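Secondary and tertiary structure notes
Each chain is listed here by its residues.
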Amino acid sequence: MRKEVRIDMKRVTSILLALLLVLPLAACGVTESGANTSAAEQNDNTEITSAGSDETTGTPATEASSESTEGTQRTDSRASDTLIVYFSESGNTDTIANYIHDEIGGDMVQIIPTVEYPHVYEELADYAKAEQDNDERPTFEELGVDPTSYQTVFIGYPIWWYSLPMIMETFFDTYDFSGVTIVPFNTHEGSRDGGTYDMIRDREPNAAVLDGLLIRGGDVGNDESKTAVKEWIAGLDLE
Ligand SMILES: Cc1cc2nc3c(=O)[nH]c(=O)nc-3n(C[C@H](O)[C@H](O)[C@H](O)COP(=O)(O)O)c2cc1C
């Protein structure tokens with residue numbers, strides 16, 4: 001009887017010892033399981049993001065990537081294979097970018113000028129004309145992503161003075177899109193793409209530049225513009 005009790009005590013002791021060995025490991029950062037947890041979390045993020053981009057659900061992908069990564073994914077690694085990057089001063093190109101995102105998901109980032117543009121149209125028109133005449137390269141805020149690390153990059157902008165806004169010239173000066181698939185899109189009030197798709201092809205000879213989408217600013221927001229985005233994306237030769 002006593003012996004049995006001692007044997008039980010031994011078992012209890014060894015269980016306690018085992019616990020004593022394991023618990024501190026658990027407490028000190030749980031090297032393995034902690035790493036696993038964080039990897040699992042990262043995988044979760046990746047899955048959500050890529051699911052967003054594959055399933056044409058739109059918003060979840062960006063929300064997931066911005067909420068769950070707190071910016072790290074935007075600087076060090078890509079959250080998906082698709083990026084939508086655009087400049088928009090009065091919101092038309094922004095709306096189209098969002099339609100694209102609704103269709104295809106992926107990451108999306110806006111090109112924000114370091115120095116704000118004038119908000120009065122006439123002033124903006126003069127300002128933008130001077131930028132173009134002087135061949136300026138207005139700077140923009142850090143994007144928080146490396147656009148060249150994505151497989152496919154949708155690039156959007158309005159037409160200014162029959163051409164690319166000069167801030168887009170800065171953008172194309174900054175990045176070398178060799179090996180990347182570029183999909184341009186723009187809004188305008190009559191100049192269509194202003195020859196800018198060919199300009200992009202010239203500037204990025206080692207990128208595949210697919211057929212762009214141009215939408216008149218005045219049509220942005222109507223059902224036709226949404227349908228145009230849908231049909232255009234469906235017809236693109238995306239991998
Ligand atoms: C400074 C400036 C210059 C513009 N120049 C042209 C132009 O040459 N041709 C054209 O079709 N539209 C021109 N537009 C109209 C814009 O391309 C159009 O309103 C566009 O949808 C604006 O896009 P956003 O709202 O994304 O900024 C110009 C607009 C501005 C502000």
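Please refer to the structure placed before this passage.
Just so we're clear, the structure is a prediction, and the values are computed from it rather than from any experiment.

Definitions and cut-offs
- Residues numbered from 1 in each chain as written.
- Predicted model: local features only at pLDDT ≥ 70, side-chain atom pairs only at ≥ 80, totals over all residues.
- Heavy atoms only, no water.
- Near = heavy atom within 4 Å.
- Polar contact = N/O pair within 3.5 Å; in protein donor to acceptor, adjacent residues only side chain to side chain.
- Areas by Shrake-Rupley, 256 points an atom, 1.4 Å probe, with all protein chains shown as cover.
- Helix = DSSP H or I, 4+ residues; strand = E, 2+ residues; numbered from the N terminus.
- Core = buried A, V, L, I, M, F, W, Y, C linked by side-chain atoms within 4.5 Å.
- Buried < 20%, exposed > 50% of the residue type's maximum accessible area, 1.4 Å probe, protein only.
- Contact = heavy atoms within 4.5 Å.
- Expected span 1.5 Å × (residues − 1).
- Arc of directions from axis to C-beta.

Structural notes on the site of the ligand
- Of all residues adjacent to the ligand, which total 21 residues, the nearest are S88, S90, T93, Y162 and S191.
- For the ligand, an oxygen atom lies 2.6 Å from a polar atom in the backbone of Y162.
- At 2.7 Å, a side-chain N or O of S191 approaches a nitrogen atom of the ligand.
- For the ligand, the accessible surface in isolation is 640 Å², of which the surrounding protein chains cover 90%.
- Sorting the residues of the shell around the ligand by element identifies α5 (92–104), α6 (121–133) and β4 (181–188) as the ones contributing at least two each.

Examining the nonpolar core
- Core analysis: the largest hydrophobic core is formed by 30 residues, its most contacted members being V85, I111, L143, I155, M168, F171 and F177.
- Mapped onto this core, the elements with two or more residues apiece are β1 (82–86), α6, β3 (152–158), α7 (166–174) and α8 (196–203).
- Per element, the largest residue contribution to this core is four residues, and it comes from α7.
- Apart from residues no more than four positions distant in its own chain, M168 is found in contact with F87, I111, I155, G156 and Y157.
- Within the second largest apolar cluster, 19 residues are counted, among which are I96, I100, M108 and F185.

Focus: α6
- With 13 residues, α6 ought to run about 18 Å at 1.5 Å a step, and its terminal C-alpha atoms sit 18 Å apart, in line with that.
- Turning to α6, its buried residues are L124, A125, A128 and E131. All buried residues of α6 lie within an arc of 130 degrees about the axis, which places them on one face of the element. Exposed residues pointing more than 90 degrees away from the buried face of α6 are listed as E122, D126 and D133.
- Contacts made by the buried residues of α6 are with α7.
- Note on α6: the residue one or two positions beyond its end, D135, has a positive phi of about 50 degrees.

Observations concerning unusual backbone geometry
- Positive phi, close to 50 degrees, is recorded for W161, a residue that is not glycine.
- Structurally, W161 is set in the loop between β3 and α7.
- What makes W161 partly exposed here is its relative accessible area of 33%.
- Backbone geometry at R192 places phi at a positive 55 degrees, although glycine is not the residue there.
- Tracing the chain through its elements places R192 in the loop between β4 and α8.
- The exposure class of R192 is exposed, given its relative accessible area of 53%.

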